[in-house]
Amino acid sequence: MRGFFVVGGRTLSYLDFGGPGTPLLALHGHYNEASAFAPLAEALAPRWRVVALDQRGHGESDRARRYGRDDYVADVAAFHRHLDIGPVAVLGHSLGGVNAYQYAARQPDRVRALIVEDIGAVVDSDWSFTSRLPRRAPSRRELVAALGATAPYVECSFRRSEDGWGFSFDIEHTVASQKALNGDHWPDWTAVTCPTLLIRGTRSDELTAAHADEMTTRHTGVIRRVDLPAGHVVHHDAPDRFAAAVEDFLSDSD
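Starting from 1, residues in each chain are numbered consecutively following that chain's sequence as written. Totals for whole chains, interfaces and linings use all residues, but because this is a predicted model, local features are given only for residues with pLDDT of at least 70 and pairs of side-chain atoms are given and counted only at 80 or more. Hydrogens and water are ignored here; the side-chain numbers use all heavy atoms of the structure.

Notes on the pairing of strand β2 (residues 10-16)
For the record, the criterion: Exposed residues in this analysis have more than 50% of their type's maximum accessible area, buried residues have under 20%, and partly exposed residues fall in between, with area computed by a 1.4 Å probe over protein chains only. Starting at the N terminus, helices and strands are each numbered in turn, a helix being any DSSP run of H or I of at least four residues and a strand any DSSP run of E of at least two. For two strands to be treated as a pair, DSSP must find no fewer than two bridges joining them.
With respect to burial, β2 is a largely interior element, six of its seven residues being buried. Sheet topology note: the strand β1 (residues 2-7)/β2 ladder contains six bridges and is antiparallel. Note that in β2 the partner of Arg-2 across the bridge is Leu-15. Between β1 and the antiparallel strand that follows it, β2, lie two residues; Gly-8 among them carries a positive phi value of about 60°. As paired strands, β2 and strand β4 (residues 48-54) are joined by four bridges and run antiparallel to one another. Bridged to Leu-15 within β4 is Ala-52.

Quick notes on the pattern of salt bridges
Side-chain pairs of opposite charge can arise whenever the charged atoms involved come near each other. Applicable threshold: Think of a salt bridge as a Lys or Arg side-chain nitrogen and an Asp or Glu carboxyl oxygen that are within 4 Å of each other.
One pass over the full model with this rule turns up 18 salt bridges. Note that Asp-75 is salt-bridged to Arg-56, the shortest N-O span being 2.6 Å. With Asp-75 in helix α2 (residues 69-83) and Arg-56 in the loop between β4 and α2, this residue pair connects regions lying 19 residues apart in the sequence. The exposure class assigned to Arg-56 is buried, which follows from its relative accessible area of 6%. A salt bridge links Glu-60 to Arg-159; its shortest N-O distance comes to 2.8 Å. Placement of Glu-60 in the loop between β4 and α2 and of Arg-159 in strand β8 (residues 158-161) is noted, with a sequence separation of 99 residues between them. Connected through shared salt-bridge partners, Arg-200, Asp-213, Arg-225 and Asp-227 make up one network.

Focus: the sheet that holds strand β3 (residues 22-27)
Put simply, the rule is: Fitted lines through C-alpha atoms serve as axes, helices being fitted only where they are in contact, and the angles separating the N-to-C directions of these axes extend from 0 to 180 degrees. In what follows, residue pairs with any heavy atoms lying within 4.5 Å of each other are defined as contacts.
Spatially, eight strands are ordered β1-β2-β4-β3-β5-β6-β11-β12 in an open sheet, and the strand pairing comes out mixed. Either end of the sheet is taken by a strand with one partner, and the two such strands are β1 and β12 (223-228). With direction set aside, neighbouring strand axes in the sheet form an average angle of 20°. On the sheet, helix α11 (residues 239-253) packs against β3, β4, β5 (88-93), β6 (111-117), β11 (196-201) and β12 and is oriented at approximately 160° with respect to β6.

Quick look at the nonpolar core
Using the following cut-off: We define the nonpolar core as a collection of buried residues of types Ala, Val, Leu, Ile, Met, Phe, Trp, Tyr and Cys that are connected through side-chain atoms lying within 4.5 Å of one another.
Formed by 41 residues in total, the largest nonpolar core has its most connected members in Phe-5, Phe-79, Tyr-101 and Leu-114. Leu-15, Leu-24, Ala-26 and Leu-250 belong to the second-largest nonpolar core, a separate cluster that totals 28 residues.

Structure (structure tokens):
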């Protein structure tokens, strides 16, 4: 079920995958949207009910003037309030991972468990790939061809318009968001007190093993680390093992 709510004069969209289970809030990364979590939602049902946000500038949510850290975290807080549920587990990938652990650090009474997928406490993202993305293609097939091996990771964001095929995000807005994501976020990471699962792809070009080791060592609460044979988008490359790791952690934290 798709839902909408308004925050700061902008409309944000989300997908509630439904079911009787305990809610799990999910936050996607750049180039993606809430629908990216459909396979995970199916794997975790019926015990867990995934509710995923189209973050600002993505999916069916409105574009924004700013994509700063405080802006994203405020959106997560508004999303949580809109759902009118108590403390929950929060999962985030990449951009969503930073948003998730910053939300957990700043509102610890609202997050009872945290899952961070392949992103560090220090982020130095290269947005040159984003700048090279095709603006439009005459057909879906040609868009896929232009993206090459990257296509499967972003196809949930494909959109058709009057002038061809493109994405549900604007390239300039994504670059602005990536620039704002870069930085040292250790104060937030070390402030997290809830049980935490850190998932890393062993082939990731975003989170090194050494940095994941440091994040594990410097975390002040209970933390579990899982490395899976995958690239940066672990939930795509190793969906079954990713879902199993998430389910095991949530069950132990319940």
